[in-house]
Amino acid sequence: MRDLIDTYWLYFLVGQYPKGPLGGLALTVLLAALALLLAMPLGLALGVARLSLWRAVRWPVTALVFVVRGTPLLMVVFWAYFFLPTLTGYKTGQFSTMLIALVVFDGVYLAEIVRAGIVGLGRGQMEAARSLGLTHFQALRSVVLPQALRHMLPSLVNQFVSTIKETSLGYIIGLSEVSFIATQINTQVFTKPAQVYLCLGVAYFVLCFGLSRLAYGIESRGKRRPPPRVPA
Amino acid sequence: MIRFEGVNKWYGSYQALVDIDETIAKGEVVVVCGPSGSGKSTLIRTLNRLEPIQGGRIEIDGRDIHAPGTDVNALRSRIGFVFQQFNLFPHLTALQNCTLAPVQLGRLTPAQAAEQARALLDRVGLANKADAYPAELSGGQQQRVAIARALAQQPPLMLFDEPTSALDPEMVGEVLAVMRGLARDGMTMICVTHEMGFAREVADRVLFMDGGRILERATPADFFLHPQHPRAQQFVADIRRPFAAGPGF
């Protein structure tokens, strides 16, 4: 175990970097972070669109949600890898392919969380905001979403943690993220699969656990403000 | 100021408002009462288009407010609406509840809005609660903040949808006192309420509704002492003896 780590730790962390492209755990973190940062605004937009008063907006988005939700992520990755280049006529790299697949897939799941958060808030807040003359979007931005997002936080974190784990599917299209690197190491060492994959598991656990704790910290900081009370 | 002309409204196959014709003058204080499900809340919610109507027209200052192309946000920003459940914004302080709309609508600068909000909170007797969050206030205080929030729109018309029904009895008085003050200052008000004392003291007229129709229009004294319509007679008898109405008493 000791010489396994001594030999391969740098390869595990950054892949062939700086002699080759960035890979390993660093690439996984980068991919997951970008996916979260891009999927969240997309999820907000899609979630709000799902509740739009205009059918022309609501229906296509609802269709997208149902299609993506009814498909495994692996499928979405394949589409992005094989199908997207024929559509755009432009070959995207493995990293961008995986990023696109993750953003679309997670955006859709986040959209459903956002929708549930907005619906769960009840009609009263939206009605009060609208009766003051605010537009639908002003009401969403200043009144509904600030409250709904706080209620959504646990579900959002759940989805974010999934995203980190989902980056491992990049393995399938040869993206040198940490699972791919671990497999490479395992092929080279050959005799220590348990140790190699234990390290891989620990790496994912640390990332996911770290994010959960961070979110928990944000959540309890938000609680200092008095929680909304249901009027008697 | 307000004119209902043959207004009809359905929820699916259920008719909530039936042939409503009514005129309300500027400065009038009108109390709308009736049993639950009679359409009284629906009636005032059509006035700021929280509810659409399917027939007839509603005019405010001569303008058909349900006509297509009416700027619904502009309409609502000139009508104060007070909800039974207060619907204060719980993530904002009392002051911020009162400054949100005037600032977002570009009517006042943040400084002007804060100044106005302090004056309004003072008017409803809550100057010292400006920085409190709704959850830190009692029900009566929350409803008074909600009235201040509505007044921040400087509305010529205030609508009240059972403003005291969700309150503990000892808090009803403080809210009614604020409403009385508004009425005295000449505000045009339509109040859905069963508060007989309030109606008798400040209302110019009482409208009694049942089954989506306005069945009786009268002065408060006439309505509560000599109701004409049999349903109104039953209703007045029930609210005078609240415990006699339910089964088992």
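Keep in mind it's a predicted model, so treat the numbers as computed, not measured.

Caption draft 1: Layout of the overall build of chain A. The number of helices and strands found in chain A is nine helices and zero strands. For chain A, the succession of helices and strands along the chain, N to C, is α-α-α-α-α-α-α-α-α. In terms of its C-alpha atoms, chain A occupies a principal-axis envelope of roughly 70 × 45 × 30 Å. Out of the 232 residues belonging to chain A, those deemed buried represent 45%. Sequence separation of at least 24 residues holds for 71% of the intrachain contacts in chain A that already meet a minimum separation of 6. Accessible area for chain A stands at about 12,400 Å²; split by element, carbon and sulfur atoms hold 69% of it. Taking the average location of the 20 positive side-chain charges in chain A and that of its 8 negative ones, the two points are 12 Å from each other.

Caption draft 2: Main features of the overall build of chain B. Within chain B, the secondary structure is distributed over 10 helices and 10 strands. Computed over the C-alpha atoms, the radius of gyration of chain B is 18 Å, within 12% of the 18 Å expected from 2.2 N^0.38 for a compact globule of 249 residues. Projecting the C-alpha coordinates of chain B onto the three principal axes gives extents of approximately 55 × 45 × 35 Å. The buried share among the 249 residues of chain B stands at 56%. Sequence separation of 24 or more characterises 65% of the internal contacts of chain B that already satisfy a separation of 6 or more. In the form shown here, chain B has an accessible surface area of approximately 10,500 Å², with 50% of it arising from carbon and sulfur atoms. Distance between charge centroids for chain B: 2 Å, based on 25 positive and 27 negative side chains.

Caption draft 3: Spotlight on the sheet that holds strand β2 (residues 14-24) of chain B. Residues and elements named next belong to chain B. Taking strand neighbours across the sheet as the criterion, the four strands line up as β2-β1-β4-β5 in an open arrangement whose pairing is antiparallel. A single partner strand is all that each edge strand has here, and the edge strands are β2 and β5 (63-64). Direction of pairing for strand β4 (residues 55-60) relative to β5: antiparallel, over a ladder of two bridges. Its bridge partner being in β5, Glu59 is matched across the sheet by Asp64. Packed onto the sheet, helix α1 (residues 40-47) meets β1 (2-11), β2 and β4 and runs at close to 120 degrees relative to β1.

Caption draft 4: Region of the structure containing the pairing of strand β3 (residues 29-33) of chain B. Residues and elements named next belong to chain B. Of all five residues in β3, five are buried; the element is thus mostly enclosed. Going residue by residue along β3, you find Val29, Val31 and Cys33 tucked away on one face and Val30 and Val32 tucked away on the opposite face as well. Relative to strand β8 (residues 188-192), β3 runs parallel, the two sharing four bridges. The residue of β8 that forms the bridge with Val32 is Val192. Direction of pairing for β3 relative to strand β9 (residues 205-210): parallel, over a ladder of four bridges. Residue pairing in the sheet places Val31 in a bridge with Val206 of β9.

Caption draft 5: Structural context of helix α4 (residues 73-88) of chain A. All names here are of chain A. Here α4 spans 21 Å end to end across 16 residues, near enough to the 22 Å set by a 1.5 Å rise per residue. Residue Phe82 marks the point of greatest curvature in α4, where the axis turns by about 35 degrees; the proline Pro85 follows within four residues. Taken together, the buried positions of α4 are Leu73, Val76, Val77, Ala80 and Pro85. At its buried positions, α4 is contacted by α5 (94-120) and α7 (136-166). Two residues or fewer after α4 comes Gly89, characterised by a positive phi angle close to 70 degrees.

Caption draft 6: Representation of the confidence of the model for chain B. Overall, the prediction assigns chain B a mean pLDDT of 93, with 97% of residues at 70 or greater. This prediction of the complex comes with two scores: 0.86 for pTM and 0.91 for ipTM.

Caption draft 7: Spatial organisation of the sheet that holds β9 of chain B. All names here are of chain B. In space, the six strands of this open sheet follow the order β6-β7-β8-β3-β9-β10, with mixed pairing throughout. Whereas interior strands pair on both sides, the edge strands pair on one side only; in this sheet they are β6 (79-82) and β10 (213-218). Neighbour-to-neighbour, the strand axes of the sheet open up by a mean angle of 15 degrees, direction not taken into account. As judged from the five bridges shared by β9 and β10, these two strands associate in the antiparallel manner. Residue pairing for β10: Leu207 is matched across the bridge by Arg217. Packing against the sheet, helix α5 (residues 139-151) makes contact with β6 and β7 (157-161), and its axis sits at approximately 165 degrees to β6. Sheet strands touched by helix α6 (residues 169-184): β3, β7 and β8. Its angle to β8, the strand with the most contacts, is close to 145 degrees.

Caption draft 8: Representation of the packing of aromatic side chains within the structure. This structure, assessed with the given rule, holds nine aromatic pairs over all chains. Between Phe205 of chain A and Phe209 of chain A the ring centres are 5.4 Å apart and the planes differ by 15 degrees, which places this aromatic pair in the stacked class. Taken together, the residues Phe205 of chain A and Phe209 of chain A, both in helix α9 (residues 193-222) and four residues apart, mark about one turn of the helix. Pairwise contacts between aromatic rings join Phe208, Phe223, Phe224 and Phe235 of chain B into one cluster. Geometry around Phe66 of chain A places Arg69 of chain A over its ring, the cationic atom sitting 4.9 Å from the centre. Lying across the ring of Phe89 of chain B, Arg149 of chain B places its NZ or CZ 4.4 Å from the centre.

Caption draft 9: A look at the interface of chain B and chain A. Counting residues at the interface gives 30 residues for chain B and 25 residues for chain A. Of the roughly 2,400 Å² buried between chain B and chain A on both sides combined, carbon and sulfur atoms contribute 55%. At the boundary of chain B with chain A, the tally comes to one salt bridge. Along the contact surface separating chain B from chain A lie nine residue pairs in polar contact (both at pLDDT 80 or more). Sorting the residues of the side of chain B that touches chain A by element identifies α2 (72-76), β6, α3 (94-104) and α5 of chain B as the ones contributing at least two each. In terms of residue class, the side of chain B that touches chain A is made up of 16 nonpolar, 10 polar and four charged.

Rules used throughout
- Residues numbered from 1 in each chain as written.
- Chains lettered and ligands numbered in written order.
- Predicted model: local features only at pLDDT ≥ 70, side-chain atom pairs only at ≥ 80, totals over all residues.
- Heavy atoms only, no water.
- Helix = DSSP H or I, 4+ residues; strand = E, 2+ residues; numbered from the N terminus.
- Buried < 20%, exposed > 50% of the residue type's maximum accessible area, 1.4 Å probe, protein only.
- Contact = heavy atoms within 4.5 Å.
- Areas by Shrake-Rupley, 256 points an atom, 1.4 Å probe, with all protein chains shown as cover.
- Lys, Arg positive; Asp, Glu negative; His and termini not counted.
- Charge placed at Lys NZ, Arg CZ, Asp CG, Glu CD.
- Rg over C-alpha atoms; globule rule 2.2 N^0.38 Å.
- Pairing = 2+ DSSP bridges.
- Axes fitted to C-alpha atoms, helices over the stretch in contact; angles between N-to-C directions.
- Expected span 1.5 Å × (residues − 1).
- Bend = angle between axes of the 7 residues up to and from the residue.
- pLDDT = per-residue confidence, 0-100.
- Phe/Tyr/Trp six-rings, centres within 6.5 Å; stacked < 30°, edge-to-face > 60°.
- Lys NZ or Arg CZ within 6 Å of the ring centre and 35° of its normal.
- Buried area = accessible area lost by both parts, 1.4 Å probe.
- Salt bridge = Lys/Arg side-chain N within 4 Å of Asp/Glu carboxyl O.
- Polar contact = N/O pair within 3.5 Å; in protein donor to acceptor, adjacent residues only side chain to side chain.
- Nonpolar A, V, L, I, M, F, W, Y, C, P; charged D, E, K, R; others polar.

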